[in-house]
Amino acid sequence: MSLYDIPLRTLSGEPATLGEHRGKVLLIVNVASRCGLTPQYEGLERLQRKYADRGFTVVGVPCNQFMGQEPGTAEEIATFCSATYGVTFPMLEKTDVNGDGRHPLYAELTKLADADGQAGDVQWNFEKFLVAADGVPVARFRPAVEPEAAEVVAAIEERLPA
């Protein structure tokens, strides 16, 4: 199954798929509002604004599996992201990224190894998966890697449509 075909829901509960972003480079990130890494929203939003016109989008995926750091309702998450960080990129509904209830999107994404050759479970909030314009996952950046780190920016720019 292509990543484009996996059924998803937006943060507002509407049915969606990544197929709506076909042809774009995607940075899919599991996010949380009450995490020490939450300020990474700033860098994610800057990437969104810098590259959106060139065929790129961040996709935020709230997750409450790491010490309950995303406890809010969809409305609370949307308000927090908008009011605190001015988030303009699409957000999906709260999703499990690990364990028996792992969403099919993350079942596919977690097959991809990081720079050290490690695949498997998401380690923490703000793990980033880069998906090429053809829908194939191509890079994985662990939570401590800032969104605007040189290796992330280089990987995005390398894959942007000409």
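Quantities reported herein were computed from a predicted structural model and do not represent experimental measurements. (Residues numbered from 1 in each chain as written. Predicted model: local features only at pLDDT ≥ 70, side-chain atom pairs only at ≥ 80, totals over all residues. Heavy atoms only, no water.)

Overview of the state of the cysteines
Now for step 1: Inspection of every chain in the model, using the stated rule, returns zero disulfides.
Now for step 2: The structure places no disulfide on Cys-81, whose sulfur is separated from the nearest cysteine sulfur, that of Cys-35, by 13 Å. (Disulfide = S-S within 2.5 Å.)

Topic: helix α4 (residues 150–159)
Now for step 1: Along α4, the residues that are buried comprise Val-152, Val-153, Ala-155 and Ile-156. Mapping the buried residues of α4 onto a view down its axis gives an arc of 165 degrees, with all of them on the same face. Facing away from the buried side of α4 by over 90 degrees, the exposed positions are Ala-150 and Glu-158.
Now for step 2: Elements that come into contact with the buried residues of α4 comprise β3 (25–31), α1 (40–51), β4 (56–62), β5 (128–131) and β6 (137–141). (Buried < 20%, exposed > 50% of the residue type's maximum accessible area, 1.4 Å probe, protein only. Helix = DSSP H or I, 4+ residues; strand = E, 2+ residues; numbered from the N terminus. Arc of directions from axis to C-beta. Contact = heavy atoms within 4.5 Å.)

Quick word on the packing of aromatic side chains
Now for step 1: Tallied over the full model, the rule gives eight aromatic pairs.
Now for step 2: Between Tyr-41 and Phe-89, the aromatic rings sit 6.4 Å apart at their centres with planes inclined by 20 degrees, giving stacked as the arrangement. Residue Tyr-41 is found in helix α1, and its partner Phe-89 is found in the loop between α2 (74–85) and α3 (104–109); the two are separated by 48 residues along the sequence.
Now for step 3: For Tyr-41, a relative accessible area of 0% translates into the label buried.
Now for step 4: For Phe-89, a relative accessible area of 4% translates into the label buried.
Now for step 5: Ring geometry for Phe-66 and Trp-124: centres 5.4 Å apart, planes at 50 degrees, overall tilted. Separated by 58 residues along the polypeptide, Phe-66 in the loop between β4 and α2 and Trp-124 in the loop between α3 and β5 bring together distant segments of the chain.
Now for step 6: By relative accessible area, Phe-66 is classed as buried at 7%.
Now for step 7: With a relative accessible area of 27%, Trp-124 lands in the partly exposed category. (Phe/Tyr/Trp six-rings, centres within 6.5 Å; stacked < 30°, edge-to-face > 60°.)

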